[in-house]
Amino acid sequence: MIKGNLHIIKNVVTAIVVTLFFSCSNDFDDVQKVGILQNQPIGEAEDIDLKYTEYKDSTVRLLANLLSPKMLDYSNRSFAFSEFPDGIELIIYDENNNKTTITSDYAIVYSETDIIDLRGNVKIATHEKDTLFTEQLYYNQKLEWAFTNEYFVFKRISGSTYGTGFDSDKNFKEKQILEMGGDVELDN
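These numbers were taken from a predicted model, which means no experiment stands behind them.

Thresholds applied
- Residues numbered from 1 in each chain as written.
- Predicted model: local features only at pLDDT ≥ 70, side-chain atom pairs only at ≥ 80, totals over all residues.
- Heavy atoms only, no water.
- Core = buried A, V, L, I, M, F, W, Y, C linked by side-chain atoms within 4.5 Å.
- Buried < 20%, exposed > 50% of the residue type's maximum accessible area, 1.4 Å probe, protein only.
- Helix = DSSP H or I, 4+ residues; strand = E, 2+ residues; numbered from the N terminus.
- Pairing = 2+ DSSP bridges.

So, the nonpolar core
Moving on, step 1. Within the largest apolar cluster, 21 residues are counted, with the highest numbers of intra-cluster contacts made by Phe 84, Ile 88, Leu 118, Leu 132 and Leu 137.
Moving on, step 2. Of all the secondary structure elements, the ones that give two or more residues to this core are strand 2 (59-74), strand 4 (88-93), strand 7 (115-125), strand 8 (131-140) and strand 9 (145-156).
Moving on, step 3. Among the elements that line this core, the one with the most residues is strand 7, at 4 residues.
Moving on, step 4. Judged by nonpolar contacts, the second largest core, of 7 residues, contains Tyr 74, Phe 81, Ile 108 and Ile 115.

A closer look at unusual backbone geometry
Moving on, step 1. Although it is not a glycine, Asp 57 adopts a positive phi angle of roughly 50 degrees.
Moving on, step 2. By the element assignment, Asp 57 lies in the loop between strand 1 (43-56) and strand 2.
Moving on, step 3. Even without being a glycine, Asp 114 presents a positive backbone phi close to 60 degrees.
Moving on, step 4. Relative to the helices and strands, Asp 114 is located in the loop between strand 6 (106-110) and strand 7.
Moving on, step 5. According to the relative accessible area criterion, Asp 114 is partly exposed, its value standing at 25%.

Some remarks on the pairing of strand 3 (residues 81-84)
Moving on, step 1. Residues Phe 81 and Glu 83 line one face of strand 3 and the alternating positions Ser 82 and Phe 84 line the opposite face, and both faces are buried.
Moving on, step 2. Across 3 bridges, strand 2 lies against strand 3 in antiparallel orientation. Directly across from Leu 72, in strand 3, lies its bridge partner Glu 83.
Moving on, step 3. Between the end of strand 2 and the start of strand 3, which pair antiparallel, lie 6 residues.
Moving on, step 4. The pairing of strand 3 with strand 6 spans 4 bridges and is classified as antiparallel. Bridging across to strand 6, Phe 84 finds its partner in Ala 107.

Take a look at the structure:
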């Protein structure tokens, strides 16, 4: 009788282990699917036309206008960001309503750091006809500072400057260039 009970106990234990094995396998598949969903955007938007405004002294003033064919929202990530896979056009207005236009083929905006990563045919054109061309540019929204370590061309009415590595404030008044070439105008 003890042998019969031992055989029954072995069969029950084997059945439990097999059941646990297969149920863990299915749970692991579900866990993998959740991981995939977490890597997907939490939202998608098409034909974006966002206007950033300021309300002051009973007046609404347009600060910026963001245009893009598509935006993917990854705010579900631990380091949240928004991706613009088809590029952007960002128009920024100053206090006198002069505009600066920024375009690129691709962009990422990191929410926590307020850094914008612009890539592919990046162009910044000011109302003063200053224009910067490069393949990648970072813009720090808090410091209002643009920088790149890539090759650039900076065109002004007085001539062009080119080189590798460019840092500047948003108005191109305070500029730093790492390696420079081109036409340089010096004050006497």
